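Observations on chain architecture
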Amino acid sequence: MKNKLSPAIVCGFGAAVLGTIPGVKSFGCCLLLPAATMLSLYLYLRITFFHESVTAKTAMFIGLITGLFSAFFSGFFDLLITYIFHTNDIVFSLPQVELLISSYNLGDIGKETIAILRNMSNEITTNGFSLTYTFFLLFNNIIIDSLFGVIGGLIGMSIFNKKYFTKL
């Protein structure tokens, strides 16, 4: 178990650190995380000396763990940067989001959504922290990063099994 977790922790942390870079942040979930999961799977194979082929269960487990660690570390880094600078993407894009939501004519739901976003933005600019923002950030990161981690694990399983375990 320890051998399965070590590469996942390291690669999840690496994906989270790289995901905080502004240009790379856009590709964090769909490119960076599957690549980190494949690296994690490769490191797992190196630790086990390429003893046996990768099963779907192992690939999905390593992908899930890599995604979860990436989600928690990237959430921590995002919250730390938000706390230090008292701003983030929500505060910056709030006027455009308000216009977009208003253009859909959603009625009371739209008004409540705008009120929640304004409250989060106000808490972030005054305190550097918003509990609502933290909840939504972690929820989103856990779902998205876990999903793309599992996808990366399955892709890595396919690649590594073909490359290292096919009989000629």
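See the structure printed just above.
Because the structure is a prediction, the values reported are computed rather than measured. (Residues numbered from 1 in each chain as written. Predicted model: local features only at pLDDT ≥ 70, side-chain atom pairs only at ≥ 80, totals over all residues. Heavy atoms only, no water.)

Focus: the packing of aromatic side chains
Selection rule: Stacked, tilted and edge-to-face are the three classes assigned to paired rings of Phe, Tyr and Trp, where Trp is represented by its six-membered ring and a pair needs centres within 6.5 Å; plane angles under 30 degrees give stacked, over 60 edge-to-face, the rest tilted. What counts as a helix is a DSSP run of H or I of at least four residues, what counts as a strand is a run of E of at least two, and both are numbered from the N terminus. When a residue's accessible area, from a 1.4 Å probe over protein chains only, is under 20% of the maximum for its type it is buried; when over 50% it is exposed; and in between it is partly exposed.
With the rule as written, the count across this model stands at 11 aromatic pairs. Each ring, one from Tyr-42 and one from Tyr-164, has its centre 6.5 Å from the other, and the planes form 35°; the classification is tilted. Placement of Tyr-42 in helix α3 (residues 28-47) and of Tyr-164 in helix α7 (residues 131-164) is noted, with a sequence separation of 122 residues between them. Residue classification places Tyr-42 among the partly exposed residues on the basis of a relative accessible area of 24%. When its relative accessible area of 33% is taken as the criterion, Tyr-164 is described as partly exposed.

Focus on the pattern of salt bridges
We count it as follows: By definition here, a salt bridge exists when the distance from a side-chain nitrogen of Lys or Arg to a carboxyl oxygen of Asp or Glu is within 4 Å.
Taken as a whole and assessed by the stated rule, the structure comprises two salt bridges. Arg-118 serves as the salt-bridge partner of Glu-98, at 2.7 Å between the closest nitrogen and oxygen. Taken as a pair, Glu-98 in helix α5 (residues 89-103) and Arg-118 in helix α6 (residues 108-127) lie far apart in primary sequence, 20 residues in all.

Concerning the side chain of Glu-98
Operational definition: The contact definition used throughout considers only heavy atoms, calling two residues in contact when any of these lie within 4.5 Å.
Relative accessible area serves as the criterion here: at 19%, Glu-98 is assigned to the buried category. Once you skip the residues sitting within four places of it in the chain, Glu-98 turns out to touch Ile-114 and Arg-118.

Overview of the layout of surface pockets
This is how the line gets drawn: Cavity and pocket criteria rest on a 1 Å grid covering protein atoms alone: a 1.4 Å probe that fits but cannot get out defines a cavity, protein on both sides within 12 Å along at least 5 of 7 lines defines an open pocket, and an atom within 4 Å of a point defines a lining residue. Grid points are joined across faces, edges and corners, and a volume is the space filled by probe spheres set on the points. Polarity classes work like this: nonpolar for Ala, Val, Leu, Ile, Met, Phe, Trp, Tyr, Cys and Pro, charged for Asp, Glu, Lys and Arg, and polar for all others, with Gly in that last group. These domain boundaries are the output of an automatic or database domain assignment.
The space that makes up the largest pocket amounts to roughly 820 Å³. Lining the largest pocket we find 31 residues, and of these Lys-25, Asp-78, Asp-89, Leu-137 and Asn-141 sit closest to its centre. Counting residues per element, the ones that place at least two in the lining of the largest pocket are α1 (2-19), α2 (22-25), α3, α4 (56-85), α5, α6 and α7. The element best represented in the lining of the largest pocket is α7, accounting for seven residues. When grouped by side-chain class, the residues that make up the lining of the largest pocket number 14 nonpolar, 13 polar and four charged. For the lining of the largest pocket, the domains that each give at least three residues are domain 1 (2-85 + 144-165) and domain 2 (87-127).

Considering unusual backbone geometry
Phi is positive for Phe-49, close to 60°, though the residue is something other than glycine. Located in the positive-phi region is Asn-105, a residue other than glycine, with phi close to 50°. Mapped onto the elements, Asn-105 comes out in the loop between α5 and α6.

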